[in-house]
Amino acid sequence: RTIEEMVIISERLNGWDHNGDGEGDWGFCLTPQTNYFQAFVAPHLQTQLKDDKDADTGQNIFFDVDTFEPLIYNDGFRKAVELYWRFVKSSNCQYQTPNGQKCSRKTAFPTGRCAGVISMPGTLTNLLREGGKYAPPPENRMDEFLEEGQYWGRREVFPGSSMVIDWNSPETPLVACNDETCPRARNNVNYAPFFSEGGESFGLNGKQSKPSATDAMWDLFAWFSELPVGEIPLAGTYRRSQLTESALDALIEQWNNTILAEDLHAVLNEYFKEEGDGGNPVQDLFIVGFTDYNKALNTELHDNLVLADMADGGLFNMADPANSVSVGSDLFEERYARFVKDLAKRYDDVNANMDGGALQQLFLWRGALNLKPTINKDEICANLLALRDFTSFDKLECNKQIVLRDLCQSQKEDVEAYMPGECATGDNNATIIIAVLCSIVGAGLLVLFVYTTYKRYQSYVRIRNAHEQLMEATLNESIMALRSLDYPLHLIYGSQFLKEGRLVRHEILRNSHKLTVLDSLEDVDAFVAAGKQIVFFSHQWTAFSLPDPSNRQYDAMCVAVKELAKQNGWDESLKDVFVWVDFSCIPQSNPSTQKLAIRSLAAYASSATWFVIVAPDTEHADLKDTCDLGTYQRRMWCRAEQVCHSMRNGTEGMFLAVGKGSGDLKRVRNDFFLESLHVFHGDLTCCRLEHKGSSACDRQSLVVPLLGLYGELYRA
């Protein structure tokens, strides 16, 4: 029920053998991240968003809504740090961190050494689903203890706290949760879900886009929001429509796992509860500077305290994790005090670097929380004067925001208490003269400002028009890329391909007149209409400078050509069969012509009559890693080729070749390309090499052809 109980369980299970290998394992596993720590903080600090009179309380887990002081000077925050440190100390971090590894739930959980794991719902599915990306295989589990109908991977709502901050007391002590201190509690436990799912984020700049481009991007975002819960991207676009019974039934069918689907359904039901439904949802820090505040917390909490060696001022004993700093010790007290002080300093530095400083950040934070009544920055400062909180008034630099004398009529006593004599009256000719002179100077400055603004507006219009012309030119170029070839399609006779004995460089084949050249898409269409078969081979390079030094992929390609001929009854001489493969059909020596060929890649792949994915297990000659179907699917070029063909032709003529035998050529499944749709998330060699020796990233080469392809698909 509570975080403290979860920590105690983790500590007690730490050292047990969870996977049956005879060695002591760990408690719960995690990846130390700020959002997980904030989930520890949430139920200690936030108990209700509305009071008995339905007024906003302003409760949150980040900053005070009156002063923007960070909510780190209270016993609730301290309790969260203590529990988090105990949890980390009994986790996979006790092994991975001292051994120079990243403390990661994704690498720890598959070993079976974790008694449990904490994670956000998206990644947790990959941890708990049978065969999931980070799930432990059966040999690392102890499934023999499961009864019939039970499932090894269960998930629960993140626990709450039986101790909460009493915000009604001036000292804000940590007190027991009851009907008065936490009215939303269940069985005297306060739950405050902090649902901070991470990943991609999207924005739409409608002011500088053509209406057609704006509409296309809007439709793309709408499509993301309509995905089933089992297919959402990393961004975690969960929504209430996924909580219907029909959505649950669809998820059960998709996963073929009733327990896993019902668990996720129950968790999301809890996380989506609004306060009117009995929920207590915690708002994330949705203001400018979000990443800077998170970086500040991560640096001080993880880098300088929880995961730092004791010798470096941290809590972790790298040489003997079991003897790390204990909660309640003098050393913990000293280092916790330093942590709070340094964290506050980092937050102040972030505020100082923001336009408008801490006062503007406070105004934005109140807006993000949708606090009522809405007040402006002048009113924020006036309220601080009324409360006689002059320290916060100065820290927010309210003197730069308001003129104290203007408040002398409505808040004279408050102004005088802050600055004695400020509201004194009397004739002052010098003041009048200065005011007149200032008015004259101000009028001159106003004229200068209007003139400067007009000139800047003219410059803005010119830049905007140029930007729109560039956008339009790019869109037109992308459409033309689908209707014409920037570089002719080069093909190898099937029989010649088998004779070569290896993948041969384009320039060698060209100079020896072994390539068939089709100059236009009309030529390609006529070529196919005449009964010619174009086999497009998609594969990954297994060396930085050569596509296939071991010849394993070439051998698989040869088998695929022969097997396709056999299955389709083609002439054994392969006189009507032509092969396209990148190393042989795209220029390798001349970057300019190579770029032209790449711009035609969408047309090449979509014009092929047969598409074969070649991915046998092969060692990378330079990295010594194994290249297989999994690494193939992560390559950006491979994803692009799949998308270009399947979007035009479907998956009917697409095959998978992973070995040398004829039985190794198989049709691909319809769902094989789901991951491939994220083309630009794929890996690239140029990025691995940090773009040394190249003027631009290869991703830029694919923007035009893929934009045209998506545009054509959108129109269809």
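Bear in mind that the values here come from a model prediction, so they are computed numbers and not experimental data.

Calculation rules
- Along each chain, the written sequence defines residue order, and numbers are assigned to residues from 1.
- Since the coordinates come from a predicted model, pLDDT governs what is reported: local features require at least 70, and pairs of side-chain atoms require 80 or more to be given and counted, while whole-chain, interface and lining totals use all residues.
- In computing side-chain properties, one takes all heavy atoms of the structure into account and sets aside hydrogens as well as water.
- The secondary structure listing takes helices from DSSP runs of H or I that are at least 4 residues long and strands from runs of E that are at least 2 residues long, numbered from the N terminus.
- For the exposure calls, accessible area comes from a 1.4 Å probe over protein chains only, and a residue counts as buried if that area is under 20% of its type's maximum, exposed if over 50%, partly exposed in between.
- Residue contacts are counted whenever heavy atoms from the two residues lie within 4.5 Å of one another.
- The accessible surface values rely on the Shrake-Rupley method and a 1.4 Å probe; as for residues, cover is taken only from the protein chains in view.
- Counting rule for charge: Lys and Arg are taken as positive, Asp and Glu as negative, and neither His nor the chain ends is counted.
- Charged groups are reduced to one reference atom each: NZ for lysine, CZ for arginine, CG for aspartic acid, CD for glutamic acid.
- Here, strands pair whenever DSSP counts at least two bridges between them.
- Every angle, taken between N-to-C directions, lies between 0 and 180 degrees, and every axis is a line fitted to C-alpha atoms, over only the stretch in contact when it is a helix.
- Side-chain atoms within 4.5 Å link the members of a nonpolar core, which is a set of buried Ala, Val, Leu, Ile, Met, Phe, Trp, Tyr and Cys residues.
- To count as a disulfide, a pair of cysteine sulfur atoms needs to be within 2.5 Å.
- One fewer than the residue count of a helix, multiplied by 1.5 Å, yields its expected span.

**Looking at the overall build of the protein**
Step number 1: The helix and strand inventory of the protein stands at 27 helices and 13 strands.
Step number 2: Summarising its shape, the C-alpha atoms of the protein cover approximately 105 × 80 × 55 Å along the three principal directions.
Step number 3: Each of the 716 residues in the protein was classed as buried or not, and the buried ones make up 46%.
Step number 4: Across the protein, contacts joining residues at least 24 apart in sequence account for 69% of those joining residues at least 6 apart.
Step number 5: A total accessible area of about 36,400 Å² is found for the protein, and carbon and sulfur atoms account for 51% of it.
Step number 6: With 68 positive and 98 negative side-chain charges, the protein shows a separation of 6 Å between the mean positions of the two kinds.

**Comments concerning the sheet that holds strand 12 (residues 654-657)**
Step number 1: Pairing within the open sheet is mixed, and its seven strands lie in the order 6-5-8-7-9-12-13. Taken across any chain shown, the strands that pair with only one partner, and hence form the sheet edges, are strand 6 (515-518) and strand 13 (665-667). Each adjacent strand pair in this sheet contributes to an overall mean axis angle of 35°, direction not counted.
Step number 2: Bridge count for strand 9 (residues 610-614) against strand 12 is four bridges, and the pairing is parallel. Looking at strand 12, one finds that Ile613 is bridged to Leu656.
Step number 3: Across the sheet, helix 20 (residues 552-568) touches strand 7 (533-539), strand 8 (577-580), strand 9, strand 12 and strand 13, and the angle it forms with strand 9 is around 145°.

**Focus on the nonpolar core**
Step number 1: Among the nonpolar cores identified, the biggest contains 79 residues, and Phe37, Phe40, Phe68, Phe77, Phe339, Trp365 and Phe393 are the most heavily contacted of them.
Step number 2: Beyond its immediate sequence surroundings of up to four residues, Phe40 is in contact with Ile3, Met6, Val7, Ala80, Leu83, Tyr84, Phe87, Ile118 and Phe158.
Step number 3: Val504, Cys558, Leu564 and Trp580 belong to the second largest nonpolar core, which has 69 residues in total.

**Focus: the state of the cysteines**
Step number 1: Enumeration over the complete set of coordinates arrives at five disulfides.
Step number 2: For Cys177, the disulfide goes to Cys182, at an S-S distance of 1.8 Å. Handedness here is read from the sign of the S-S torsion; for Cys177 and Cys182, about 135°, the answer is right-handed.
Step number 3: On the basis of relative accessible area, Cys177 is assigned to the buried category, the value being 5%.

**Side note on helix 6 (residues 121-128)**
Residues that lie three or four places apart on an α-helix share one face, since the helix turns once every 3.6 residues.
Step number 1: For helix 6, the tally of buried residues reaches six of eight residues, placing the bulk of the element in the interior.
Step number 2: By the burial criterion, the buried members of helix 6 are Pro121, Thr123, Leu124, Thr125, Leu127 and Leu128.
Step number 3: Considering only its buried residues, helix 6 is in contact with helix 5 (105-108), strand 2 (116-117), helix 8 (245-255) and helix 9 (258-271).

**Some thoughts on helix 25 (residues 636-649)**
Step number 1: Compared with an ideal rise of 1.5 Å per residue, which puts 14 residues at 20 Å, helix 25 spans 20 Å between its outermost C-alpha atoms and is within 8% of the ideal.
Step number 2: In terms of burial, helix 25 is largely enclosed, as 10 of its 14 residues are buried.
Step number 3: Of the positions making up helix 25, those classed as buried are Met636, Cys638, Arg639, Ala640, Glu641, Gln642, Val643, Cys644, His645 and Ser646.
Step number 4: Directly beyond the C-terminal end of helix 25, a positive phi value near 75° is found at Gly650.

Geometry only, nothing functional implied.
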